[in-house]
Amino acid sequence: MSIISLIIKREFVAKVRNKSFIVMTFLSPLLFVGIAAFVGYLSSMKAETKRIAIHDESGLFTNEFVSQNSDKSEYKYLDLSLIDEKFLKDSITKESYEGLLLIPKTTNVADLESKVQFISNDSPSISFIENVQSIIANKITKINLERAKLDTVAIKNAQSNVNISLAKASGEQSVKGLNEIKIAIGGGFGYLIMMFIIIYGNMVMRSVIEEKTNRIIEIIISSVKPFQLMIGKIIGTSLAGILQFFIWAVIGLSLMFAASLFFGVDVGPTAKVSPELMQQAQNEFAGPAQMYMKELWNLPIASILIGFVVYFIGGYFLYSSFYAAIGAAVDNQTDSQQFLLPIIMPLMLSVYVGFFSVMNDPHGTIAVVFSMIPLTSPIVMLMRIPFGVPLWQIAISVTLLFATFFSVVWFAAKIYRVGILMYGKKPTWKELYKWLKY
Amino acid sequence: MSTLLEVNKVVKQYGDYVALNEVSLTVPKGSIYGLLGPNGAGKTSLIRIINQITLPDSGDIILDGEKLQPKHVQYIGYLPEERGLYNSMKVGEQCLYLAQMKGLSKAEAKKQLNYWFDRLEIQGWWNKKVQELSKGMAQKIQFVVCVLHKPKLLIFDEPFSGFDPVNANIIKDEILALRDEGATIIFSTHRMESVEELCDHIALIHKSNKLIEGKLDDVKRQFKTNSFEVGIVSDNVEGLMYDITQKFTVGPANFKSLSNELKLEIQLGNAMPNELLNVLTQCGQVTHFVEKIPSVNDIFIQTVSEK
């Protein structure tokens, strides 16, 4: 067995046997599903009905509001136009109802545009106010139309509702909302890479620091080259990480499946449907749904997956060599903070650039530049790939990524080689630079 | 006696600091070679270069007739001063791992481990985790890991630190046994009494330079001052003192004895011991007559404080 595979095996076994790794592996999906279920439960709970008093002196609007009342609606409107306004105001403070809508008596309906008042102790939600405004506005519009002796039905019929359908130059039909799906797919993969780098990069760093504080490092590097140890450590840790992600995926999917059985919701509509029914359903839904499916299958799935693997390997190795070098340079984890910042920054930056500029303009200058810079390309380029990226751009980006990857590994290995034998003091940036020349 | 390890004009610099300045050593096969020097003299730098942990800036190293190269790690066993083990790993697994890194097959490593665990009577530790062991116990494991692959050259940096006297003795006997089986041992320590006891060759490094090297006896011969400790019972002390001070430099001496004699330390200069004896026997009864041989400790302190 070669030495590197020995090291990989040890690192993998050490990680996987670690108690906190086992606990995290099996607890996280439970926790995740638990939280999701809790949020679902909370949002399914019926909100407390809020009573709104209406004091309508004009007598024009009461019916419009009261007709909105139903068992399911969040607000219940009460017609209290007959009760004295002052008494109503006082009873708000006693909280027998949430708020009071005051509509004054007027001869000119247009005056109402600015004279309606809503009085409450807590500020009302924006959607509630918009709803009230639109009810009043619709009624006023209707009254105005009637006064002008216009036929409201004819006007309604005359209004048109435009729905632009999108198509590509190649002639294929396209669907709206596809960009959101594309960014979700690219973003999902990009986010996965970032999470993986942060979690397992840190694990690499901790493992280097452990060897330093244990003082086993000198025994080991009298038998193997520091470079072999570093690469073995990175690969071993990433294998443990991939195993963990895999277990998470399996547990998560089976929990979701179990939950959907339990709550009686079909995971996929095709699950129990007979072929004839499906055919029928397809005919009925022919149009948007089918086009979405078609578009999804038209996405460059192969290049997304290949891109994911390539950028995952490049990005993870690039960053974890940084983490290994930092681990070698410091004596304990608290000292690592100042060196970690420059690593976290490009990661965060690439996620933000990905979500903001790629979504707006997948082939704009910002998106293109950041998908070339090696530190951000693994995430930004992955987000762009679903939108279709010219091959030459991917070629440049991957070449740059791997060129940087090799030079960073070389540079990290140098710091690593010197750092692992330095005990007792926190190095400065200047010293790190000096180590490169040893 | 042929040479196992030859260090030729090795230079190592860290930035502006010169850690080793053209240091050359010759370590004979089958010897126990004491590498001495005060803290920060460059011993660890040299040891790390021999272990190929760092590379020299210039100079070369010949191991058993070949220029030092990566495959040689199998022939070297190294017990560093700063040493430890993976805390959460089981002892047996850990030893197997470290032995395999030195190029042993798994089966061979297991065989050797069983032999050493039996020999040091630590069979019961195989499934223990290192964090359950005491410091001395962990040191024993490290010693086993260091010698397991039957290296030609063993390098021990402060091997006895952390051991109680009983265990230190066990380790000392093992080191001597390894030497008798043909291994060559480089031994770096600050404990001069163990140098005195074990080493047949020494080298002294001070401020990045090698100052002394050679057989321990030769070095001592080089450092002896031709002075003798003398005990004498005499009726005529004044006459005696007059006679001796005429010919030699005399000072008081301090050694343990049972009779209440006159104790002197006499510097002979170029004279022969018999000349002194002749004078002494004429004046009284000689109870004690020993040549003063410098200890390694004396040589160390003298050399280091001179420069």
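Here the structure is a predicted model, which means the values were calculated and not measured. (Residues numbered from 1 in each chain as written. Chains lettered and ligands numbered in written order. Predicted model: local features only at pLDDT ≥ 70, side-chain atom pairs only at ≥ 80, totals over all residues.)

Next up on the list: the overall build of chain A. Looking only at helices and strands, one finds 18 helices and four strands in chain A. Per-residue burial over chain A gives 28% buried out of 438 residues. Of all intrachain contacts in chain A linking residues separated by at least 6 positions in sequence, the fraction that spans at least 24 positions is 75%. (Helix = DSSP H or I, 4+ residues; strand = E, 2+ residues; numbered from the N terminus. Buried ≥ 20, exposed ≤ 12 C-beta atoms within 10 Å, placed from the backbone. Contact = placed C-beta atoms within 7 Å.)

How two helices sit against one another is set out by the angle between their axes and by the gap between those axes. All names here are of chain A. Between helix 13 (residues 301-329) and helix 16 (residues 377-384), the shortest axis-to-axis distance is 9 Å and the interhelical angle comes to 170°. As summarised for this structure, helix 13 and helix 16 are arranged roughly antiparallel, according to the angle between their axes. Every residue of helix 16 that contacts helix 13 at Gly307, Phe308, Tyr311, Gly314 and Gly315 is listed here: Pro378, Met381 and Leu382. Here the residues of the contact of helix 13 with helix 16 are counted per class, giving five nonpolar, three polar and no charged. (Axes fitted to C-alpha atoms, helices over the stretch in contact; angles between N-to-C directions. Parallel < 35°, antiparallel > 145°, perpendicular 65-115°, else oblique. Nonpolar A, V, L, I, M, F, W, Y, C, P; charged D, E, K, R; others polar.)

Further remarks concern the domain arrangement of chain B. With domains assigned, chain B is organised as domain 1 (3-221) and domain 2 (225-291). For domain 1 of chain B versus domain 2 of chain B, the separation of C-alpha centres amounts to 45 Å. (Domains from an automatic or database assignment.)

So, on to unusual backbone geometry. As a rule of thumb, non-glycine residues mostly have phi less than zero, and peptide bonds are mostly trans rather than cis. The backbone of Arg215 of chain A shows a phi angle near 65°, a positive value even though the residue is not glycine. The phi dihedral of Glu121 of chain B is positive, around 55°, even though this residue is not glycine. Mapping Glu121 of chain B onto the fold places it in the loop between helix 3 (106-119) and helix 4 (135-147).

With that settled, consider the interface of chain B and chain A. Each side of the interface is counted separately: chain B has 20 residues, and chain A has 17 residues. Among the elements that line the side of chain B that touches chain A, the one with the most residues is helix 2 (residues 91-101) of chain B, at four residues. The residue inventory of the side of chain B that touches chain A, partitioned by class, reads 12 nonpolar, five polar and three charged.

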